[in-house]
Amino acid sequence: LCHSNSFFTWQLVRLQLVKASSEYDPYKVLGVSRSASQAEIKKAYKHLAREWHPDKNKDPGAEDMFIKISKSYEILSNEERRANFDRYGQMDENQPFGQSQHQGFRSFHNSFYFDESFFHFPRSRDFADSKYLLHHAQYNSVVLPDSHRRPYLIKVTSEWCFACIHIEPVWRETVQELEPLGVGIGIVDLGYERRLASQLGAHRAPSIIGLVNGRVTFFHQAVVREHLRQFVEDLLPQRLVEKITDNNYLPFLSNWHVENKPSVLLFDQVPVVPLLYKLTAFAFKDYVRFGYVDQGETSSTQLLRQFNINTYAPTMLLFKENTEKPADIIQARGMKRQIMDEFVSNNKFLQVPRLVNQQLFDELCPIKQFHRRRKYCVLLITGEDQAFVPGNKAFLDFASANSKDVLRFAYVYQQSDMCHFTKNVVILERRSQAGKVLYRSVTGGWNGSEEDKHHLHEQLELLQKDPAYLSSDTTLPELNNEMAPMFLIQWMNAAYDYILQLYDDFLYSNWREMMPILSLIFSALFILFGTVIIQAFSESEADKPQKQKPKEAPKTEDEARPPKKDFVEVTELTDITYTSNLVKLRPGHINVVLVLTDSSKNALLRKFAKEVFSFSGTQTLHFSFLNADKHSHWMPSLLASTPDAAQNLGLSDDDEESSDYTGHVLALNGYKKYFCLFRPVFTGDDPSDASFSSDASLSSASRRKSRSSLEVHHKLDRLGLWMERLMEGTLPRLRVPAWPSLDATMNTSTES
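Right, let's walk through the structure included here. Please read these numbers as outputs of a predicted model, since none were measured by experiment. (Residues numbered from 1 in each chain as written. Predicted model: local features only at pLDDT ≥ 70, side-chain atom pairs only at ≥ 80, totals over all residues. Heavy atoms only, no water.)

Observations concerning the packing of aromatic side chains
According to the stated counting rule, one finds 15 aromatic pairs in the structure shown. For the ring pair Phe219 and Phe231, a centre distance of 5.2 Å and an interplane angle of 70° mean the geometry is edge-to-face. Of this pair, Phe219 sits in the loop between strand E4 (215–218) and helix H11 (225–235) while Phe231 sits in helix H11; the two residues are 12 residues apart in sequence, bridging distant segments of the chain. Phe231 matches Phe219 in its accessibility class, with the two residues each being buried. Ring geometry for Phe307 versus Phe319: centroids 5.3 Å apart, planes at 65°, classification edge-to-face. (Phe/Tyr/Trp six-rings, centres within 6.5 Å; stacked < 30°, edge-to-face > 60°. Helix = DSSP H or I, 4+ residues; strand = E, 2+ residues; numbered from the N terminus. Buried < 20%, exposed > 50% of the residue type's maximum accessible area, 1.4 Å probe, protein only.)

Remarks on the side chain of Thr642
Relative to the helices and strands, Thr642 is located in the loop between helix H25 (634–640) and helix H26 (645–649). If near-sequence neighbours (up to four positions away) are discounted, Thr642 is found in contact with Phe675, Leu734, Arg735 and Val736. (Contact = heavy atoms within 4.5 Å.)

Re the environment of Arg333
Among the structural elements, Arg333 can be located in the loop between strand E9 (328–331) and helix H16 (337–345). As a C-alpha pair, Arg333 and Ala313 span 20 residues in sequence and 4.7 Å in three-dimensional space. Residue contacts for Arg333: discarding those within four places in its chain leaves Tyr312, Ala313 and Pro314. For Arg333, the side chain forms a polar contact with the main-chain oxygen of Tyr312, separated by 3.2 Å. (Polar contact = N/O pair within 3.5 Å; in protein donor to acceptor, adjacent residues only side chain to side chain.)

Observations concerning the state of the cysteines
Using the criterion set out here, one finds 2 disulfides in the structure. The disulfide partner of Cys161 is Cys164, and the S-S distance across this bridge is 2.2 Å. Between Cys161 and Cys164 the disulfide shows an S-S torsion of about 90°. By sign, it is right-handed. Taken individually, Cys161 and Cys164 each receive the classification buried, so the pair is uniform in this respect. Sulfur-sulfur distance for the disulfide between Cys365 and Cys377 comes to 2.2 Å. Of this pair, Cys365 sits in the loop between helix H17 (358–364) and strand E10 (376–382) while Cys377 sits in strand E10, and the two are 12 residues apart along the sequence. The pair Cys365 / Cys377 is uniform in exposure class, with both members buried. The connectivity of the disulfides in the protein is 1-2, 3-4, where the numbers refer to bonded cysteines in sequence order. (Disulfide = S-S within 2.5 Å.)

A few points about the sheet that holds strand E5 (residues 241–243)
Taken together, 5 strands build an open sheet; the order of strands is E5-E7-E6-E8-E9 and the sheet is mixed. The sheet is open, and its two edges are formed by E5 and E9, each paired on a single side. Strand-to-strand twist across the sheet, computed as the mean angle between neighbouring axes with direction ignored, equals 20°. (Pairing = 2+ DSSP bridges. Axes fitted to C-alpha atoms, helices over the stretch in contact; angles between N-to-C directions.)

Overview of the sheet that holds strand E17 (residues 621–627)
Taken together, the 6 strands give an open sheet; going across it, the order is E15-E17-E16-E18-E19-E20, and neighbouring strands pair in mixed fashion. Both edges of this open sheet fall to strand E15 (570–572) and strand E20 (734–735), since each of them pairs with a single strand only. Where strand E19 (residues 674–678) meets E20, 2 bridges bridge the pair, whose relative direction is antiparallel. Pairing of Tyr674 across the sheet is with Arg735, part of E20. Across the face of the sheet, helix H24 (residues 601–612) comes into contact with E15, strand E16 (590–596), E17 and strand E18 (665–669) while running at roughly 150° to E16.

A closer look at the nonpolar core
Within soluble globular proteins, side chains that are nonpolar generally end up buried alongside one another. In terms of nonpolar packing, the biggest core is built from 60 residues, with Leu153, Phe290, Met316 and Leu355 touching the most fellow members. When residues of this core are assigned to their parent elements, the largest contribution, 7 residues, is made by helix H14 (residues 275–283). The contact partners of Leu153, leaving out residues within four places of it in the chain, are Trp171, Thr174, Leu178, Val183, Gly184, Ile185, Gly186, Ile208, Ile209, Phe231 and Val232. (Core = buried A, V, L, I, M, F, W, Y, C linked by side-chain atoms within 4.5 Å.)

Here is the structure:
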């Protein structure tokens, strides 16, 4: 009975897989056969992608068809996924059934237990989840920059993840609660977004990740809605919202001059700052300062009475330069995120803010657009000294009385990048991203008197009537960020985040991410202790008495550098080896070439090998010989192409006309195109001495042959000294414009 039940269950699984594969067939979508090659599949995909691209095809179903085409190509272009689909109708590369057809029943005979992967049925993704799916490019271009304005809660899942089904209800409830508050939601499919999952450091499903300010944090607690909510709240920076009471509200509101930001007071009856307020404060942290007042505390009674706060509904007061009267107020029982965002967005600048960075300048004074209304920036050039305070206050009063949509008032200190303007009020209009502006300086300067106000008002009226009133133009440099933290503070913040990341990885054993760091730490410890141990052993060996070794005779230079072989390799220069051994010789290498004939070959080669043997261990020296009988015109051609040969070598006209170059040795540098020449010098016995004349029985022919053999043998007597000078670099170098061709000389020799 057990066997029959298991067989029936297995058949149900197969029917389910066949049904899933029949509903979606990538071969039919691309219009190719099951035996199609990768080239045919790619060709069909490109054709259909061009035809059904939503930008070109206006059919209502073009977008869905384009997604199907891309999905089909993604499956069929991957051999592993294609094999899974062909065998099991499976479209994911995680293959619970593909590993073995009997894997689901591997424990059947033992304990009647089915493997958990046996129940991984393919399930279609809900349409509600599809809008949260993240891709690699979308994550880096949209989500990462947006994480500096709102936190993101990202779920890593897979179509074959059984545990993901269990957390799905909690995930849906959490999304429904946090998304209206302003939390970003994302879903990463581990099967299809491997690259993004690797970037996030997620290697298993399910995983839940928090993202704030580009920093990734993993959720390690039980998947409960309260834990997820607290996880998102802990991701936010500390002190986003300051607790305000009767004792500190005045310093908080008066700090607008230093922070260059408006201030918002949130009044509510809960003792803890609600998450909605924290998320709003995080979104506008670069523009507005937030404070929270608990209406239930006795320490806030004066605040409630001074600003006449209704305790039955949450209230928001926004203050700018005037700390006694709020610039705007909002009160609602059901405070929504959209209402709060609109309220803060409309009041995120002071009445007259100070230009402290380029971003603020771009937002206050936008570049003129042809399809939008003109906006002019009225800029006061002032200073930080107390002498400028009356003029600054008068400029603020003028801006408050003449606020219009087309006018933006601001001030900048003289030490900033706009100090090339004169010390007065400037009306300007930005024209390009490169910094080009049209401007006009208000004549008479600015002291804050009533006459100055009247004069500025007249010029603004003229500007409203005639935009060409701005007659001057200039190019402004980009403003420096005066509010940026110091480098040391930035480094400390980065180090703090890094330490927190290490602590989190150690605490929850995220070994895959920790392996590079652990490897670096253990390598450093190994090097440190290895050095200490080696030094300790070295010191102990040095303390032991050492036996004195008998002194050895100093080695000569040749003995200190023995050749690697007990023979010398000498290569003949032919039309085959000529190019590689001379013309294309590597830089720094020299080929030592001996010129000989057929009759003197054996004698000269033995003497040549004997003289250069001690230098054969040098890697940059190569040894060759040239047969003058075969290439008789090569040496004359080489010397003829060298204009300084006769002067440097002392060659006479008779020497140049002579064709006997037997015993000459040349050191050829093929890369730099120069050579050094060794001319044979006879140093043997005089053939006219008694050794030749005492034996009267020798014929004259035998004596000539013996004398010739001795002359050839002694031609290389001084080659060893010449080689030493070659290694020292003291030999004269003869430059050649180009090496003569060996083939041409051989042909010439043959023709002659």
